[in-house]
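Survey of secondary and tertiary structure
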Amino acid sequence: MTVLQLDQISKKFGNFQALDQVSMELKEGEIYGFIGPNGAGKSTTIRILLGMLKATEGRATLFGKDAWKDAADIHKRCAYVPGDVYVWPNLTGGEVIDVLLKMNGSYSEKKRDEWIERFQFDPKKKARSYSKGNRQKIALIAAFASEADLFILDEPTSGLDPLMEHTFQQGVREVKEAGKTVLLSSHILSEVEKLCDRVAIIRKGKIIERGTLDDLRHLTRMQMQVETRETPEGFVKLSGVHQLEEAGRQFSFQADTDHMEEIINYLNKYGVRKMESTPPTLEDLFMRHYEERSGEENNQ
Ligand SMILES: Nc1ncnc2c1ncn2[C@@H]1O[C@H](COP(=O)(O)OP(=O)(O)OP(=O)(O)O)[C@@H](O)[C@H]1O
Ligand SMILES: [Mg+2]
């Protein structure tokens with residue numbers, strides 16, 4: 001079942017095209033990563049989904065309802081965590097959590113107290129005195145304690161330390177186990193890589209790549225470390241081999257996945273003594289994509 005759908009959404013701020021025909025579909029129960037550099041359009045997309053901004057063109061639906069017209073209905077089933085959390089300065093942290101939970105519809109007090117514990121959060125202080133990370137915890141506790149069906153998380157961990165980040169990841173996994181849907185925006189790729197079933201990469205308002213992590217890796221190269229008994233002649237000329245570095249008969253290079261068979265057959269003739277391969281991280285993938293695209297632009 002489709003929980004969230006963006007159909008060719010464009011957004012202009014004056015003459016500036018912040019989003020250009022963004023389409024996306026989230027199925028029930030999946031964790032969807034939304035990755036892009038600063039200013040790419042992640043938060044703008046999310047604000048449109050939450051009915052806080054009106055798209056210039058296109059259609060955004062959540063649970064089959066219109067993001068702009070039916071915002072009130074939609075919000076009852078959504079939990080939203082922004083990167084920068086607003087708090088009412090004169091309430092305590094605990095009071096702010098309760099206000100947020102009441103706005104989000106039904107919730108469990110037991111779960112709320114559990115999450116306060118798990119995030120090691122002190123709910124008694126005045127909200128104005130909390131650090132950025134602690135303000136983020138307020139929104140995360142309210143989200144994880146809610147009975148929402150869809151979690152929209154816009155760079156929710158930018159203020160958390162590694163231990164709390166781990167707690168956050170645990171929370172997202174539990175949400176998924178409960179069959180709920182998550183949209184997680186980030187520019188921290190390692191975070192998304194650990195959690196997401198599928199990702200979309202946005203750059204300058206356009207989706208430039210999307211798919212499962214495996215789909216995206218398929219387009220990429222493996223990092224290889226090989227040692228051979230004899231020197232493989234002409235290895236550098238073999239197609240699919242990139243960034244070759246040699247030290248004696250030890251080679252380090254990147255191999256195009258679709259040339260892997262030829263490369264291994266070739267090396268085998270020279271007696272492979274050692275072979276190691278590491279899949280690229282999403283970071284490598286993204287950087288390569290980024291560089292290639294900006295190269296294209298420079299050539300035009
Ligand atoms: N209200 C606005 N008026 C004018 N321009 C805006 C407005 N909101 C966003 N923009 C512009 O739209 C572009 C996309 O911004 P957006 O906040 O969606 O990026 P982002 O991907 O969330 O970036 P970040 O990772 O820094 O949060 C940016 O160039 C931004 O300056
Ligand atoms: Mg943003």
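Parameters and conventions
Residues numbered from 1 in each chain as written. Chains lettered and ligands numbered in written order. Predicted model: local features only at pLDDT ≥ 70, side-chain atom pairs only at ≥ 80, totals over all residues. Heavy atoms only, no water. Helix = DSSP H or I, 4+ residues; strand = E, 2+ residues; numbered from the N terminus. Contact = heavy atoms within 4.5 Å. Buried < 20%, exposed > 50% of the residue type's maximum accessible area, 1.4 Å probe, protein only. Arc of directions from axis to C-beta. Pairing = 2+ DSSP bridges. Axes fitted to C-alpha atoms, helices over the stretch in contact; angles between N-to-C directions. Salt bridge = Lys/Arg side-chain N within 4 Å of Asp/Glu carboxyl O. Near = heavy atom within 4 Å. Polar contact = N/O pair within 3.5 Å; in protein donor to acceptor, adjacent residues only side chain to side chain. Areas by Shrake-Rupley, 256 points an atom, 1.4 Å probe, with all protein chains shown as cover.

For lysine 124, the position within the fold is in the loop between helix H4 (109-118) and helix H5 (132-144). Along the primary structure lysine 124 and aspartate 256 are separated by 132 residues, whereas in three dimensions their C-alpha atoms are 55 Å apart. For lysine 124, the residues in contact, after removing those within four places along its chain, are Thr92 and Tyr130.

Let's shift gears to helix H9 (residues 260-268). For an α-helix, 3.6 residues make a turn, and residues three or four places apart therefore share a direction. Among the residues of H9, those classed as buried are Met260, Ile263, Tyr266 and Leu267. The buried residues of H9 all sit within an arc of 135° when viewed along its axis, so they share a single face. If you follow the buried residues of H9, they end up packed against strand E11 (221-228), strand E12 (241-247), strand E13 (250-256) and strand E14 (272-278).

Take the sheet that holds strand E5 (residues 65-66) next. A sheet is described by the order of its strands in space; here four strands give the open sequence E2-E1-E4-E5, paired in antiparallel fashion. In this open sheet, the two strands that pair with only one neighbour each are strand E2 (16-27) and E5. Judged from the eight bridges that link them, strand E1 (residues 2-13) and E2 form a sheet pairing that is antiparallel. Within the sheet, the bridge partner assigned to leucine 6 lies in E2 and is methionine 24. Set on the sheet, helix H1 (residues 42-49) makes contact with E1, E2 and strand E4 (57-62); between it and E1 the angle comes to about 120°.

Should the charged atoms of two oppositely charged side chains come close, the side chains can pair. Considering all chains together, one arrives at 16 salt bridges under this definition. Here glutamate 25 and lysine 27 are joined by a salt bridge, their closest N and O atoms 3.0 Å apart. On the basis of relative accessible area, glutamate 25 is assigned to the partly exposed category, the value being 28%. With relative accessibility at 38%, the residue lysine 27 sits in the partly exposed group. Notably, a salt bridge pairs lysine 176 with aspartate 197, separated by 2.9 Å at the nearest N-O pair. Residue lysine 176 is found in helix H6 (residues 162-177), and its partner aspartate 197 is found in the loop between helix H7 (189-195) and strand E9 (198-203); the two are separated by 21 residues along the sequence. By sharing partners, the salt bridges in this structure join Lys65, Asp73 and Lys76 into a single network.

Let's shift gears to the site of ligand 1. Near ligand 1, the surroundings consist of 13 residues, among which Gly39, Gly41, Lys42, Ser43 and Thr44 are the closest. Between ligand 1 and glycine 39, the relevant distance is 2.7 Å, taken from an oxygen atom to a main-chain nitrogen or oxygen of the residue. Side-chain polar atom of glutamate 155 to an oxygen atom of ligand 1: 2.9 Å apart, as the coordinates give it. Its free accessible area being 640 Å², ligand 1 has 61% of it covered by the protein chains.

Take the sheet that holds strand E3 (residues 31-35) next. Through backbone hydrogen bonds, the strands of a sheet pair up, either in parallel or in antiparallel fashion. If you walk across this open sheet you meet the six strands as E6-E7-E8-E3-E9-E10, and the pairing is mixed. In the strand order of this sheet, the two ends are held by strand E6 (78-81) and strand E10 (206-212), each with one partner. Averaged over all neighbouring strand pairs, the angle between strand axes comes to 15°, with direction disregarded. The pairing of E3 with strand E8 (residues 181-186) spans five bridges and is parallel. Paired with glycine 33 across the bridge in E8 is leucine 184. Across the face of the sheet, H5 comes into contact with E6 and strand E7 (150-154) while running at roughly 165° to E6.

The next thing to look at is the pairing of E12. The pairing of E12 with E13 spans five bridges and is classified as antiparallel. Directly across from valine 241, in E13, lies its bridge partner alanine 255. Hairpin connection from E12 to E13: two residues lie between these consecutive antiparallel strands, with glycine 248 at a positive phi of about 65°.

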